[in-house]
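Below are the chains, spelled out letter by letter.
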Amino acid sequence: MAKEELKIGEISKPRFEFRSFGRCFAKQAERMARLSVPVPEKVWERRSTETYIVSRTNDVNNTKIRDGKMDIKTFVQKVDGLEQWNPLMKGEFPISAKVLKEEVFPAFKAQGMPELTKGEYTLGEFLQMVEAHPDLQAVTVEKVRFGYMVNNTICETGNVYINGALVKTINSESTEIEDIKKTIADCGLEGVENINYLQAIKRVIGMIHKPLAN
């Protein structure tokens, strides 16, 4: 079967991903930049500010809000240390009480559903419910990402500010596991822990007592 040629910013079948977070990936990032084929100018540098909702009782559903829209992805499987995530739901604020009750709060796997007395809720009202819940926390994540393409895998390096704390990230993702493995080797990332956004955020804010990759 022929490999799928990935294009940055376009939808493909579900991808596998290697990502890590730490204090410095300078050497690996330099190799990634030098090995990259030319990429569209729109992905040379991308900036965004997002709100992640993390739960003490959930490590399999990744919830983030950007530009007033909610995006939840769910963990599917891990193969050879690489993680695969699929979309679970997308929503836009104001959001209905039905969606909050049946899709959003169950994704947090937390005890205690807030009392929903209205038909729909604004983003501010939702964040108030999150703040009031003992197992949930809203975290501001600012991203400055630099895009590359190595071995037909979509790659990036980046500066990520988690509630203002700066950490570095580097990643490679593709539908083809062997292409990611080659990129990991070529960029000098072998032996570096695979850490997803959900885990990195929890480690930085102290919800998980474990260090980052370096």
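Just so it is clear, the structure is predicted and the values come from calculations on it, not from any experiment.

Below, the discussion takes up the packing of aromatic side chains. In this structure the tally under the stated criterion is six aromatic pairs. An angle of 15° between the planes, with centres 5.7 Å apart, marks the rings of Tyr 52 and Tyr 197 as stacked. Taken together, the residues span a long stretch of sequence, with Tyr 52 in strand 2 (residues 46-55) and Tyr 197 in helix 5 (residues 197-205) at a distance of 145 residues. Residue Tyr 52 shares its accessibility class with Tyr 197, and that shared class is buried. A ring pair is formed by Phe 75 and Trp 85, whose centres lie 5.6 Å apart and whose planes are at 75°; its orientation type is edge-to-face. In this pair, Phe 75 is assigned in strand 4 (residues 69-79) and Trp 85 in strand 5 (residues 82-92), connecting sequence segments ten residues apart.

The strand order 1-5-4-3-2-8-9-10 describes a closed barrel built from eight strands, whose pairing is antiparallel. Ignoring strand direction, the axes of neighbouring strands in this sheet form an average angle of 35°. Of the pairings in the sheet, the one linking strand 4 to strand 5 comprises ten bridges and is antiparallel in character. Its bridge partner lying in strand 5, Gln 77 is registered against Gln 84.

The next point concerns unusual backbone geometry. Geometrically, the link from Phe 93 to Pro 94 is a cis peptide bond, its omega value of 0° lying close to zero. Topologically, Pro 94 is positioned in the loop between strand 5 and strand 6 (95-96). Positive phi, normally seen in glycine, also occurs at Asp 80, with a value near 55°. Following the sequence through the fold, Asp 80 ends up in the loop between strand 4 and strand 5. Accessibility expressed as a relative area gives 54% for Asp 80, which makes it exposed. Positive phi outside glycine occurs at Asn 163, with the angle close to 50°. Here Asn 163 shows up in the loop between strand 9 (153-162) and strand 10 (165-174).

Next up on the list: the environment of Ile 72. On the secondary structure map, Ile 72 appears in strand 4. Taking the C-alpha atoms as reference, Ile 72 lies 23 Å from Thr 157; in sequence the two are 85 residues apart. If we skip the residues at most four places from it in the chain, Ile 72 touches Asn 61, Asn 62, Thr 63, Asn 86, Pro 87, Leu 88, Met 89, Val 104 and Ala 107.

Analysis parameters
- Sequence positions are assigned chain by chain, starting from 1 and proceeding in written order.
- Under the rules for a predicted model, residues below a pLDDT of 70 receive no local features and side-chain atom pairs below 80 are neither given nor counted, while totals for whole chains, interfaces and linings still include all residues.
- Only hydrogens and water are set aside when side-chain values are computed; all heavy atoms of the structure are taken into account.
- Pairing of aromatic rings covers Phe, Tyr and Trp, the last through its six-membered ring, and needs centres within 6.5 Å; plane angles under 30 degrees mean stacked, over 60 mean edge-to-face, and all others mean tilted.
- Numbering of helices and strands starts at the N terminus; helices are DSSP runs of H or I of at least 4 residues and strands are runs of E of at least 2.
- With a 1.4 Å probe rolled over the protein chains alone, any residue whose accessible area is under 20% of its type maximum counts as buried; one over 50% counts as exposed, and the rest are partly exposed.
- Two strands are counted as paired when DSSP detects at least two bridges linking them.
- Axes here mean lines fitted to C-alpha atoms, for a helix over just the part in contact, with angles spanning 0 to 180 degrees between N-to-C directions.
- Whether two residues are in contact is decided by their heavy atoms: any pair within 4.5 Å suffices.

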